[in-house]
Structure formats: C-alpha cells, structure tokens
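These are the residues of each chain, in order.
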Number of protein chains: 2
Amino acid sequence: MTDSASTRASATAVAARTTGTVRVVGAGLLGASVGHALRAAGVDVVLDDTSPAQLRLAIDYGAGRAARDDDRPTLVVVAVPPDVTADVVARELAAHPGAVVTDVASVKLEPYLALRGRGVDLTRYIGSHPLAGRERGGAIAARSDLFVGRPWVVCRDEETSREDLALVEGLALDLGATPVEMTPEEHDRSVAVVSHVPQIVASVLAARLREAPDAALGLAGQGVRDTTRIAASAPELWVQILGANAGPVVDVLDALADDLRDVTEALRAPDAAGSRRAVADTIRRGNEGVERLPGKHGQNRRFEQVVVMVDDRPGQLGRLFGELGELEVNVEDLRLEHSPGAQFGLAEISVVPSAVGRAVEGLTERGWRIASTSNDG
Amino acid sequence: MTDSASTRASATAVAARTTGTVRVVGAGLLGASVGHALRAAGVDVVLDDTSPAQLRLAIDYGAGRAARDDDRPTLVVVAVPPDVTADVVARELAAHPGAVVTDVASVKLEPYLALRGRGVDLTRYIGSHPLAGRERGGAIAARSDLFVGRPWVVCRDEETSREDLALVEGLALDLGATPVEMTPEEHDRSVAVVSHVPQIVASVLAARLREAPDAALGLAGQGVRDTTRIAASAPELWVQILGANAGPVVDVLDALADDLRDVTEALRAPDAAGSRRAVADTIRRGNEGVERLPGKHGQNRRFEQVVVMVDDRPGQLGRLFGELGELEVNVEDLRLEHSPGAQFGLAEISVVPSAVGRAVEGLTERGWRIASTSNDG
C-alpha cells in the first residue's frame, strides 16, 4: 500500500480530493477495490457487509476498517448487487443525513425510479457506475487499481448540487477513473449496446457449442473464442442486470433480431436475386460498426499487426519484448494465440503502420519467425 | 528460408513426405503460404494465378517458380476463392492425369457436389480445408508457418485410395498442420458452428454500434471488443463462404434465433413468472457451451489470470516477461487491455493455478502492480 500511495502521490502531486470518512457498503470486488484505492490515497474508509466473513476478509486485506457508532461519513458508496441497491441507498440516506450517497450499480434508471417511487428525498443521492472490474471476484480479487483509466459514469439531475457532484467526481478521480456525466436514461441505453447485448449474444452463440460434436470443437479458432469469451459470466449477477435494464436491452435485441432474420432468409434462398447483396450488406454494416469503437488513448487509430512465432518456453516472450524495446517499437496491443497441439504461440502485436517495417526487419534479423503481417480491420 | 529449412530439418529430422513437383493454383495468402512452406522443405513448387501481378509477386517472394510445359506435378493444390474452386479442380484434374488434386476451400460439400454434377471423375480429387490464416492478406502476407499447429481437414470418400490420401495428409504434415479426416457434410456442419455463425453474429452485433452515440462508444470495454473483433472481415470472401454453406449455417442460425427470442420475450416481461429463470438459463447454457472449447495443447485446462499494470513505454512488456521467465512462470495465454484515456495497459496473463502465488509474489517484489487475479471462466 505504501508503495502505491507514494507512487500515486508522485504521479498526481496533489492530495486526495476526497476528504473526511468514506463509508463503503458492500465489501465485494467493487466495494473492496474502492476501499483499497481510497486508503492508498490516505482516506479513512469504513467497510460494511451483510456477510461477516466477506467483511472480515476485506478488512484483513486492508480495504478499510470496521464501522463505529461515531462514524460521520461525508460520502457513502453503496456497492451491493443491483437488486438491493435502492433499499440500501434509502437506508444510508436516512442513517447519514450529512452524507452524499452514491452507488456502483450497472443500471441507473431502475434504482432511481424505485427510490423516487418510495418518496425518498434524492437531493443527496448521485448515481454512479464505474465501468471496471470483472463480473466474478469478491473481496479476494479486489485491487486498488481496478478503476484506473476506466470511465466512471455519474448521473446528475436538476436537484444535484455542484458541491455534491464535485464530491462524487472527486471520488472517481481519486480512484484514477474518468468521470463521464450522463442522465440515467442515456447511461442505460449506452450500456445496453456496449455491454448487456454483447453478453446475451455471446451466451446464445456459446450455447450452440453444447450440441456441437467434439470434432467440430477441434476446429475452433480465435474467432469463436473471442465471440464467446464473455459467455463465461456468472448467471446470478447478469439476471439482475438484464432484468433491471430490460427496456433498452430489448430495443437493441429487436433490431439485432431483424438483421439476423434478414441474413438468415437470404441464406435460406442463397440463389435468389438480392441474396448475395443482403449477405454482403450484413458483413459491411458490421465493418462500419466495429470501426466506430475507439482505440487506445480514445483515438480511432488504425494499427497493423505483426505476428511472431514464439516458442512455448518461459523467457521467450520476454526476449521478444526486450528486442521490440531495443527497436523502439511500441506495442499498441497484443494478442497471444495458442495453437492446439503445438508447443508454441503466435504473438500478434499491433503497431503503428510506420513501425511495421522496422519491427519486421529488426525481428527477422534477430532470428524471429514472422508468421504474417496484415492491416488492422 | 534457409533458416526455416534447417530449423524444420532439425525439428523433424525427416525429409519432406511430399515428393515430386507440387503445382499451386492461386498465389494468394493460402497458395503462396503453401508454396513457401513446401520450398522450405525442399519441394519443387510451381505457381499459377490468373493475375500476372499476384503471380509475379509470389514468385519474387520465393513462394515457387513459374509453370513450364514439361511440368508433371504429383499433387495440385487449388487455392482459389470458393466460387471458382470446382471449375479449377475440374480443369486441373483433366490437365494433369497423373496428379492428385486437392483444394483449400472453406466449404467442402458444394464444390464436391458441383463436380459430381458435372460427371467429373473424382477418383483423384481429395478436398482439403486448412483452418489457418486470416481472411485478408494476399501473397504479400503469405508465410511458410501459416499452417503450423493448425487443423487441416481432409475429406475422403469410398473412392479415395490409401496412397492418394497419404499424399494429401503428407502435404498437411509437411506444412506443420494436423490432418483431420471428415466427410464433406461433417466438415460443413462443423465450420458452420465454429466459424461461419460466429462471423454472422459478430457482424450483426457490430452493426448496432453504427447507431450508437459517441458517448455510448466511450464506455466500451473488452467485452464488446472481443465479441465484434471478427466483424472487420472482408465482405467479398464471406459472401462466397456463407452462400456455399447456407444450409448448415441456417440450421445453426435458426436455433440461435430461437434462444434469442426466448430471452428477448423474457425481458419484454421481466416481472412475469419464469422470466428470471429464462434469463439465467440463457447465461448458464452459454457457460456450458464455452467450457467445451479446448484449451492450449488441446486440453480443457483451467488457468488463472494475473493482471499486471504495464506502463505504456517500449521495453516494459519486455521487462515483465523477462522477469516472469526468471520466476519460471510460463505464460499460457495473454491479453493486453488498453485503457481509454490512460497511458498504460493491463496485461492479463493466464498461468496454471500452481504458478499464481509465485507470479504474484515475485512480480510484486520486483515492483510490479498487480491489478487483480481471478479464476478462469
């Protein structure tokens, strides 16, 4: 922790924006990570959790201290599952009349409407959603750096005071995240398309592998692995998330089902006039969509890939990156592909186009085998 | 090439199985790569292509020599787009009565039926499909190692002689690939589920990003990137592939559409009895499907991830892997995640569970910041 604190201090050269005590309710992956990060910044963190075991673990790991009756938190972070977020927010608003209360739920409108429906005064409530972490984890997986560089959505409304908003955005900044202001509706529509529907799609695609013969699975390459990777997510959490964002998710699913139906009908009559055009349009629209995803540093830059064969021995990847460093080639992105049945991997490194020649020549001179180069996208 | 040849010789300690001249028709990514690989093994390779420029490029790059009237190939590899594969196979069977003819098309039944329909004697034809390469490339992207470790499907039927089958499987082995025998029907159903439908799904999912506001795209994480990565594929080639495998693809799409409809209807009425159960089942079936994908070395092993923060400077990844090598931690898989707006990356390395402790302690001692650890899947 000390190392993180001193590193953070030297990196930012300012004290934590968050002052006073922060009370974190829910000591799982997100809550405990918030605790770790704030403690690294010198902030007093109180932890609470309905599970005494989870609470004990988080405290022992250094994410914060146990609650005391004389605690007067300035900020309460409710880090509980979406189903119970509204309940706990209401309780905390009542228990700590001097505190701003925020949360971390993956959906923002439902908790807000649930609270409004109960007549809770929401002046001191500001919804948050840090887009960080993995859906599995618990306190044992918590780390102080979980939020660094990630977007942190903050939902303001006309009741939100400037000071309270600054408090929550200061929390995000102290955690190394980038605050992004949105309305709850905007947020929910956004995560529907960039997170919730991809989850559903990966799951229904992966479900097709259940019926597939072993021999078919033996032909699997990186394409099916990438498209189904997130199908490993935990059902319990996703049932809550999807149920709470059902409207926006269904809107996207309906549009997707239309496109799927169009290409399916075209393939049901592949020789019919217009079929090939319909299939080509499907692929082309996908090209356009994926090009809109921002690249590193938020830019939409094109990179080229250089694929290098790497023996399956410890140290080989180290040598590769050491030599790339000597060649002054910055690795923008990396994917390591393992070959079923072979004792080696293919390291696909993404570099700016101007570095490709230098990388290929330099690596080849040093005895590396370049498997292929290709344009990004 | 010399280095590859000597390495291959030392690696296998046997001469190439392929003897005589191999004629490769189509000098694009696959054909030129076959040429490079065979030449590295000391085999005489003849190249041909309808494009004089592509042919010249492939020859200049060393993938083979120009055709001569006195060529008597023992094997012909037809490496042309799926639409023209049957035509070229028929032509080559007639032009080289002493040769076995194979191809590389991504679909196997349609070319076979087209040839049968024309009354072509298929005794000397054996369909192949090497599952390798990238859909974009051309001769300039060709490499001798393209097929190493990859499955190479070989379609035999009752007419296939043992000697001819050995010739084609010998070709696959000389290229470093693993021959897998299947019927054309089995092959097409297999690639429908592990390749063709994932392509379509990625495309229709990515198409949703066209309508998404920039702010929504700013929240994109690794999940949507992974599920849409292959949506960057080239339309022209995929129109041919999907059109030629329409039947099996539609079967899988219909089953997928049913699942998608079930979860969509459940979400349309999220509070109805059974809705949560239906959504949970969707995620759970996806869990089961993705667990069936084989891991490295063809085993279905579980790995654990250690996520390490890596500064965005050349040489940092090199240092990391060098130190992992010193710790004798083998990197089973690697994913580098870039953080939008931040000057660093998160290197998610997969290791065997028994190496996690050693990796985390060792790296932490050496000053690395571990972002999180989590179980695979």
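Residues numbered from 1 in each chain as written. Chains lettered and ligands numbered in written order. Predicted model: local features only at pLDDT ≥ 70, side-chain atom pairs only at ≥ 80, totals over all residues. Heavy atoms only, no water.

- An unreviewed UniProt entry lists chain A under the name Prephenate dehydrogenase, from Microbacterium limosum.
- Per its UniProt entry, chain A bears the Sequence similarities (unreviewed entry) comment "Belongs to the prephenate/arogenate dehydrogenase family."
- Per UniProt, chain A carries the Pathway (unreviewed entry) text "Amino-acid biosynthesis." (UniProt positions renumbered as here; feature names shortened; annotations may be inferred.)

## Brief notes about the overall build of chain A
Working step 1: When its secondary structure is counted, chain A shows 14 helices and 12 strands.
Working step 2: Across the 377 residues of chain A, 59% fall into the buried class.
Working step 3: Of the contacts formed within chain A by residues at least 6 apart in sequence, a portion of 71% connects residues at least 24 apart.
Working step 4: When the accessible surface of chain A is split by element, carbon and sulfur atoms take 50% of a total near 14,400 Å². (Helix = DSSP H or I, 4+ residues; strand = E, 2+ residues; numbered from the N terminus. Buried < 20%, exposed > 50% of the residue type's maximum accessible area, 1.4 Å probe, protein only. Contact = heavy atoms within 4.5 Å. Areas by Shrake-Rupley, 256 points an atom, 1.4 Å probe, with all protein chains shown as cover.)

## Side note on helix H14 (residues 356–365) of chain B
Working step 1: Burial in H14 of chain B covers these residues: Val356, Ala359, Val360, Gly362 and Leu363 of chain B.
Working step 2: Of the residues trailing H14 of chain B, glycine 367 of chain B is marked for its positive phi of about 90°.

## Quick notes on the side chain of histidine 187 of chain B
Residues and elements named next belong to chain B.
Working step 1: Within the element layout of this structure, histidine 187 appears in helix H7 (residues 184–211).
Working step 2: Among the residues examined, histidine 187 registers a relative accessible area of 0% and is labelled buried.
Working step 3: When sequence neighbours within four positions are dropped, the list of residues in contact with histidine 187 reads Ser106, Val107, Lys108, His129, Val153, Cys155 and Met182.

## Some words on the relation of the copies chain B and chain A
Working step 1: Superposing chain B onto chain A requires a rotation of 180° together with a translation of 0.0 Å along the rotation axis, leaving an RMSD of 0.1 Å. Expressed as an axis order, the relation between the two copies is that of a two-fold axis. Closest to the rotation axis within chain B is the C-alpha of threonine 227 of chain B, separated from it by 2.0 Å.
Working step 2: A shared interface surface links the copies, since 100% of the contact residues of chain B are contact residues in chain A too. (Least-squares fit on C-alpha atoms with pLDDT ≥ 70 in both.)

## Some words on the sheet that holds strand E8 (residues 178–182) of chain B
Residue and element names in this part refer to chain B.
Working step 1: Spatially, eight strands are ordered E3-E2-E1-E4-E5-E6-E7-E8 in an open sheet, and the strand pairing comes out mixed. At either margin of the open sheet sits one strand with a lone partner, and together these are strand E3 (65–66) and E8.
Working step 2: Pairing between strand E2 (residues 44–48) and E3: two bridges, direction parallel. Paired with valine 46 across the strands is arginine 65, a residue of E3. (Pairing = 2+ DSSP bridges.)

## Side note on the nonpolar core
Working step 1: In this structure, Ile200 and Leu267 of chain A together with Leu267 of chain B are the most contacted members of the largest nonpolar core, which totals 92 residues.
Working step 2: One finds Leu320, Leu334 and Leu363 of chain A together with Val329 of chain B within the second-largest nonpolar core, a separate group that totals 44 residues. (Core = buried A, V, L, I, M, F, W, Y, C linked by side-chain atoms within 4.5 Å.)

## Let's talk about the pattern of salt bridges
Working step 1: Using the criterion set out here, one finds 52 salt bridges over all chains in the structure.
Working step 2: The partner of arginine 276 of chain A in a salt bridge is aspartate 83 of chain B, with the nearest N and O atoms 2.9 Å apart. Here arginine 276 of chain A, found in helix H12 (residues 275–290), pairs with aspartate 83 of chain B, found in helix H4 (residues 82–95), and the two come from separate chains.
Working step 3: A salt bridge links aspartate 281 of chain A to arginine 277 of chain A, with the shortest nitrogen-to-oxygen separation between them at 3.4 Å. Here aspartate 281 of chain A and its partner arginine 277 of chain A are both found in helix H12, four residues apart, which amounts to about one turn of the helix.
Working step 4: Note on arginine 277 of chain A: relative accessible area 58%, which makes it exposed.
Working step 5: What you see here is one network of salt bridges that share partners, running through Arg23, Asp48, Arg91 and Glu92 of chain A. (Salt bridge = Lys/Arg side-chain N within 4 Å of Asp/Glu carboxyl O.)

## Some remarks on the interface of chain B and chain A
In many analyses, interface size is given as the accessible surface area lost on bringing the parts together.
Working step 1: With 132 residues of chain B at the contact, the number on the chain A side is 132 residues.
Working step 2: Both sides together, the interface formed by chain B and chain A hides about 12,300 Å², and carbon and sulfur atoms give 62% of it.
Working step 3: Counting across the interface, chain B meets chain A through 14 salt bridges.
Working step 4: Note that arginine 268 of chain A is salt-bridged to aspartate 254 of chain B, the shortest N-O span being 2.9 Å.
Working step 5: When residues of the side of chain B that touches chain A are assigned to their parent elements, the largest contribution, 20 residues, is made by H7 of chain B.
Working step 6: For the side of chain B that touches chain A, the residue count by class is 66 nonpolar, 35 polar and 31 charged. (Buried area = accessible area lost by both parts, 1.4 Å probe. Nonpolar A, V, L, I, M, F, W, Y, C, P; charged D, E, K, R; others polar.)

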